[in-house]
Structure formats: C-alpha cells, structure tokens
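# Chains, contacts and geometry: an overview
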Amino acid sequence: MKLYVKQMYDWNYYAYYAEDVDEKYWDYFKTELWWQFGNGFIKTYDNVDGFEYCAKNFTKFAEVAVNQRLKIIETPWEKALEWLISEIKKIGVPWYIHGSVAMALWGIDVNPKDVNVIITNYSDYDKVREHFYKFAIQPFERCDNWIMSGLGTIFCEANIGFAFYNKELEPYDMTKLHQIDYKGEKIYISTLEMLKQDNALYGRPERVRLIEESIRRMQRL
C-alpha cells in the first residue's frame, strides 16, 4: 500500500492517505476511523497544534508503523518500552501500561503490536504533550467527556499510544495496579482483572481465556 500526507488548503487542515490497501486490511482502517474511498482510506485532521511533526514522522515511519499494527512485521515493543521508561521518567508523571504489553509482562503468550500507556491524571496532559509531541505520528488532542479525555500516538521503535483519564484534580490510586520490576525499573501495569474486563468489553474471547488461565495459575501459587 502507499502511505503519505497531503496538505489540504493549509497546514491547519491535512490528511493521511493509504492507497491500494488489500481488502483483508480494510477492517483495521475502519476501526481506526479512516474514511474509505475505493480501495483507499483517508484520515483528516483540522487545526491541530504541532502538525508539522506529525507530518514529518508519518512520512518517515508510516510504512513500518502501519505494518506493525497489521502484524505484517514484528513489533519490537520491548525496545519501545525501554525508551518510554527513560523518557517519561524525565517528567515525573504517574502512568501505567495497559493492553497487550501488560499481558505480555504478566507472562501471557501474546504478540503486542503496539504499546498502550495510560496517564492517570488529566492535569498532566500539557506536561506529557510538551515532552512527547515532537515524536507524534498522530497528534495529541483533547477529547473531553469521551471515554478518555486526551489521546496521542508517538513512534519510537513502535507505536506508543497515550490515553488520559478524565479526572483532572483527583489523584489516581496507583495501589489498584500491579507493580513489577522491568529491567531494573519499577513500573505499573494493569491487573489481570482489568485486562479481562477490557478484553471482554471489546469482544476478544481468546484473550479473555488466556487471562483467565493466568488468573487460575496465580491463584494456585
């Protein structure tokens, strides 16, 4: 497939294009809210601050980034996670790992296609965006009163997606999470119950089964 950025009138209105997309990959683009035209897809953005970095990074990394998400190529998620840990430590915000990487860190047999980061306090949105926006492949944007209050995706070795909780002033109780030692660094990850609920919500029965098996193993220890 062909992936590129197209300027629409000015740099405040632009689009990502994917052309000549094999039909077996259409569902991915639809799920990611791209608009379809024939065997191609378009995703538009309007008035997003810092777009020049997104355009530069998408042009440079889109082929690898999309092929990782489609599982056409392997995702070096461990390298991405090591880089993330070193960078996010610089700004000192509470965060944790969710999704398939959290499952992998629990020892569950999955092959993550990206890294999912939850920033627990929405009040840290500006601090996180300011530090990471130059790495963005999809822009950091506020989405108040949605499931999350802010989203953004960067690329370094792999896609690293950020999501921000809605509560701005109430500190998140990090003791609800599971803490592990990852290559000498203490990090938080989602609990198995959190992962089970999330995968059940999104209709992933095979992952739910794997998580339940892991829960039973833990209970036997």
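Scope of this entry: the structure provided in the associated data block. The numbers attached to residues start from 1 for each chain and follow its sequence in the written order. Predicted model: local features are reported for residues with pLDDT of at least 70 only, side-chain atom pairs are reported and counted for 80 or more only, and whole-chain, interface and lining totals are derived from all residues. In computing side-chain values, all of the structure's heavy atoms are included and hydrogens and water are not.

Moving on, we come to the environment of Tyr188. You can see Tyr188 is positioned in strand S11 (residues 185-189). Sequence-wise, Tyr188 and His98 are 90 residues apart; in three dimensions their C-alpha atoms are separated by 9.1 Å. Contact between two residues is taken to exist if any of their heavy atoms lie within 4.5 Å; hydrogens are not considered. Filtering out sequence-adjacent residues up to four positions away, Tyr188 remains in contact with Trp95, Tyr96, Ile97, Met174, Leu177, His178 and Gln179. Runs of H or I in DSSP of at least four residues are treated as helices and runs of E of at least two as strands, each being numbered from the N terminus.

Interaxial angles span 0 to 180 degrees and are taken between N-to-C directions of axes, which are lines fitted to C-alpha atoms, for helices over the stretch in contact. One way to put it is that helix H6 (residues 192-201) packs onto helix H7 (residues 205-220) with a least axis distance of 9 Å and a crossing angle of 160°. Between H6 and H7, the crossing angle belongs to the class labelled roughly antiparallel. The handedness of the crossing between H6 and H7 comes out as left-handed. On H7, the residues touching Leu192, Glu193, Leu195, Lys196, Asn199 and Ala200 of H6 are Arg207, Val208, Ile211, Glu212, Ser214, Ile215 and Met218. As a working rule, the residues Ala, Val, Leu, Ile, Met, Phe, Trp, Tyr, Cys and Pro are called nonpolar, Asp, Glu, Lys and Arg charged, and the rest polar, with Gly in that last group. Partitioned by chemical class, the residues of the contact of H6 with H7 number seven nonpolar, two polar and four charged. For this classification, under 35 degrees means roughly parallel, over 145 means roughly antiparallel, 65 to 115 means roughly perpendicular, and everything else is oblique. For any pair of crossing helices, the crossing counts as left-handed if the nearer helix is rotated counterclockwise from the farther one by less than a right angle, and right-handed if it is rotated clockwise.

Classification of residues uses two cut-offs on accessible area relative to the type maximum, computed with a 1.4 Å probe and protein chains only: under 20% is buried, over 50% is exposed, and between them is partly exposed. In terms of burial, strand S4 (residues 40-46) is a largely internal element, five of the seven residues being buried. Taking the residues between adjacent antiparallel strands as the criterion, strand S3 (residues 35-37) and S4 are bridged by two residues, where Gly38 takes a positive phi near 60°. In this analysis, strands are considered paired if DSSP registers two or more bridges between them.

Moving on: the pattern of salt bridges. A side-chain nitrogen of Lys or Arg and a carboxyl oxygen of Asp or Glu constitute a salt bridge if their distance falls within 4 Å. Tallied over the full model, the rule gives 11 salt bridges. Its salt-bridge partner being Arg69, residue Glu32 comes within 3.1 Å of it at the nearest N-O pair. Of this pair, Glu32 sits in the loop between helix H1 (26-31) and S3 while Arg69 sits in helix H2 (residues 51-69), and the two are 37 residues apart along the sequence. Note on Arg69: relative accessible area 13%, which makes it buried. The partner of Lys89 in a salt bridge is Glu185, and the shortest N-O contact between them spans 2.7 Å. With Lys89 in the loop between helix H3 (77-88) and strand S5 (95-98) and Glu185 in strand S11, this residue pair connects regions lying 96 residues apart in the sequence. Here the salt bridges do not stand alone but share partners, grouping Glu32, Arg69 and Asp114 into one network.

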